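Structural overview
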Amino acid sequence: MNIKALFRRETLRSDAVAGVVLGVESVPDGLAGGLLAGVNPVYGLYGYMVGTVTGALFTSSSFMAVQATGAMAIVVADVGVVHTAEDPGRALWTLSIVTGVVMLAAGLLKLGSILRFVSNAVMVGFINAVGVNIILGQLDNFTGYEADGPNRVARSFDLLLNFGKVHWPTLAIGVATIVLILLLERTKLGPLGMVVAIIITSAAVPLLGWEVAALGDIADIPGSLPLPMLPDLSLVPALIVPALSLAFVGLVQGAGISANFPNPDGNYPEASRDFVGQGAATVASGFFQGMPVGGSMSASSLVKTAGAKTRLALITAGIVMAVVILILGDLVEAIAMPALAGLLMTVGYRTVKPADMKAVWKTGGMQATVMVVTFVLTMLIPLQYAVLVGVGISMILYIINQSNQVVIKRWLVVDGQMKETDAPLEVEADEVLVLQPYGSLFFASAPVFEEKLPDVTADTHNSVVILRLRGRSDLGSTFMEVLLKYATALRDQDSDLMVVSEDENMHEQLVVGGVTSVAGEENIYTSDEWLGHTVKRAYHDAVARVAEHAAQEDEAPSTDPESDPPSLDPQDEDPVN
C-alpha cells in the first residue's frame, strides 16, 4: 500500500467526506448487526470498526468495506455454542478468530476458484432466504411481543396467533422508522437518511412519554475502545463447522465486490489477496471483541457512491466509529430497539430479489428445484448447516451435469479428410469405426459413456473400433473397467479395440487397467503433434487388418463405402481439431 498516494491533496477531501458518511451510517448498522446476530450489539459495532480499518490495510480492493453482513449475522444467530457458552462474548470472539483463520487459509492457498462450483441457483435461494430470515428475526423487537417457536418461521406464526399482545407504541416506532427511511433516502440526505430516521424516532420516544425498549436496556456503550482478548481454545472444535460456513458466505460476498469494483488504476482486485484481507480483518475483529466480518456489498457501494477515491475513506470511517464510541456512547444507548429493528427489516426487504428468483425459475426444472430446496432449508434449519448443504447441492449438481454431457461422435475418413457424424447404435460386421468422445470423462461419466458406445452384438465380426482419447490424461479405474469390458466384448467377436492417446500417463493406466493385455500392445497408438495423423494411421492399419481377415475367410472386404484409405503424409491439410 502506497501511503503517499492516500494523502494526495486532490483526493483527500473526497475521501474524508466519503469516510464520514460511511462511518456515521455504520454506527447504527453495526449495532443492528450485533442485534441481528443475537449478541451484545456493541460487538457488532466493534466488528465494523476493526474490520473496516484492517480490511482497508490488507485487501487488494481499494473500496471493499469489511463489515458484518446480514447473511453472516444470521449464521451467527444460529450458532448455539455462542449463545449457550459460559462466556458468550469470548465464544463469539473465538468464532471470529477461527473464521478469520479459514479465510486466511483460503487466500494463501488461492482457493478462490472453488467458488465457481457453487451454482447461481443455490446462491439465489440462500440469499433470498437470508433476506426473509432478517425480516422474521426482528419481529420481536419490532412488535414488542416475544414469540415462541423452534425457528423464525414458527415464531412468526405464533405472533400472528397472538397479534393482540403486540405492544402498540413499539410497533408504531418501528413502522415510523421504516417510513422515514424510505422518505429521507429520497432527499439530499441519501444513505444518511437511514441514520436521521433512527435519530428522529428514538428521540420521539421520551417526547411522547412511551415506554419502548432502548439499546441501553440490553447493552452498555463502554465509552472506550476495546482491549485485545484471547480466544477460548476449548471451543474451537465446536466452532469449526460454523466457521467454515461463515467463511464461505463472507468470501462469496467479497468475491462479488472484487469482480464489480475496479481499483483507481482501472485494474480489478486480486480475489485471493482480498480473501487474505478479509481473513486478517476477521481475526483482528475477534481479538478486539468483534463479531465475524466479511466483504459488505452495501457498505462498499455506499463509500464508492459517496465519492471515495482511495482506501483512506475506509480508514476514516473506522476513525469516525471510534470517535462515536468514545464520545457519544450515552446517545447511542438511547436508540430505540424497534428503530433498529425497522432498519434491519428494511435491509432484509432489499436483500430479497424476486427478479433473480424468477430468472432461475425460468432456466429449467433442476435449477428451480435446487433454488427452492436451498430456500426452504435455509428457512428451517440452522444457517451454518444450510450453507454447507447448499455447497453440497452445488457440487452434486455440477457432477450430474458434467456426467450427463458425454457425447460420442463417429469420424469418417473421406478423401483423406475427416467427416464427423452421429455414432451408430451397433458395431456392424467387417467395419472400422473411429469414435471421438466429447465431455468430461471421469468416474461418474463412465456409465453414460458405456451406454453411448455402439453395442457389440452377435452380428459383430471382424471389426475394429478406434477410440480417440487425445487430450485425456487421467480417466481413473472406473473408466478403465468400461474400456476393459468393451475390449473384451470386441475380442470375443473376433474384433479389436484401438486406442489413440498422446499422454504417457494414459498409456500407463491402460496397462494397469488390463486394457492393453486384452486389446494388444500393438493397438495402443501414441499421438504426435500432427492433429489427426495418428488417427489416420490407426485407421489405415484397421482397414488393412479387416481386409486381411476377410481375405483369409474368402470374404470380400466390407468397410464403410464412404471411406477411403487415408494419406499418411503429415503435411496434408487436416481440419481435425
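Please read these numbers as outputs of a predicted model, since none were measured by experiment.

1. Regarding the overall build of the protein
- Across its full length, the protein holds 25 helices and 8 strands.
- Its C-alpha atoms give the protein a radius of gyration of 32 Å, more than 25% over the compact-globule value 25 Å for 577 residues.
- Each of the three principal axes of the protein carries a C-alpha extent, and together these read 110 × 60 × 50 Å.
- Counting only residues that meet the buried cut, the protein has 51% of its 577 residues in that class.
- Residue pairs at least 24 apart in sequence account for 82% of intrachain contacts in the protein once pairs closer than 6 positions are excluded.
- Computed over 32 positive and 58 negative side-chain charges, the inter-centroid distance for the protein is 15 Å.

2. Observations regarding the side chain of Ser202
- Note on placement: Ser202 falls in helix α11 (residues 193–208).
- Leaving out residues up to four positions away in the same chain, Ser202 has contacts with Ala334, Ile335, Ala336 and Ala339.

3. Side note on the pattern of salt bridges
- All chains considered together, the criterion is met by 9 salt bridges.
- Close ionic contact of Asp87 with Arg90 constitutes a salt bridge, the shortest N to O distance being 3.6 Å.
- Taking the shortest distance from any N to any O, the salt bridge between Asp492 and Arg491 comes out at 4.0 Å.
- Judged by its relative accessible area of 45%, Arg491 falls in the partly exposed class.

4. Describing the nonpolar core
- Core analysis: the largest hydrophobic core is formed by 88 residues, its most contacted members being Leu31, Leu92, Leu95, Phe126, Val332 and Leu340.
- Ranked by the residues each element gives to this core, the list is headed by helix α12 (residues 236–260), at 9 residues.
- Among residues more than four places away in sequence, those in contact with Phe126 are Ala71, Val249, Thr374, Thr378, Leu383 and Val387.
- Within the second largest apolar cluster, 28 residues are counted, among which are Val406, Leu433, Ala446 and Val518.

Cut-offs applied
- Residues numbered from 1 in each chain as written.
- Predicted model: local features only at pLDDT ≥ 70, side-chain atom pairs only at ≥ 80, totals over all residues.
- Heavy atoms only, no water.
- Helix = DSSP H or I, 4+ residues; strand = E, 2+ residues; numbered from the N terminus.
- Rg over C-alpha atoms; globule rule 2.2 N^0.38 Å.
- Buried < 20%, exposed > 50% of the residue type's maximum accessible area, 1.4 Å probe, protein only.
- Contact = heavy atoms within 4.5 Å.
- Lys, Arg positive; Asp, Glu negative; His and termini not counted.
- Charge placed at Lys NZ, Arg CZ, Asp CG, Glu CD.
- Salt bridge = Lys/Arg side-chain N within 4 Å of Asp/Glu carboxyl O.
- Core = buried A, V, L, I, M, F, W, Y, C linked by side-chain atoms within 4.5 Å.

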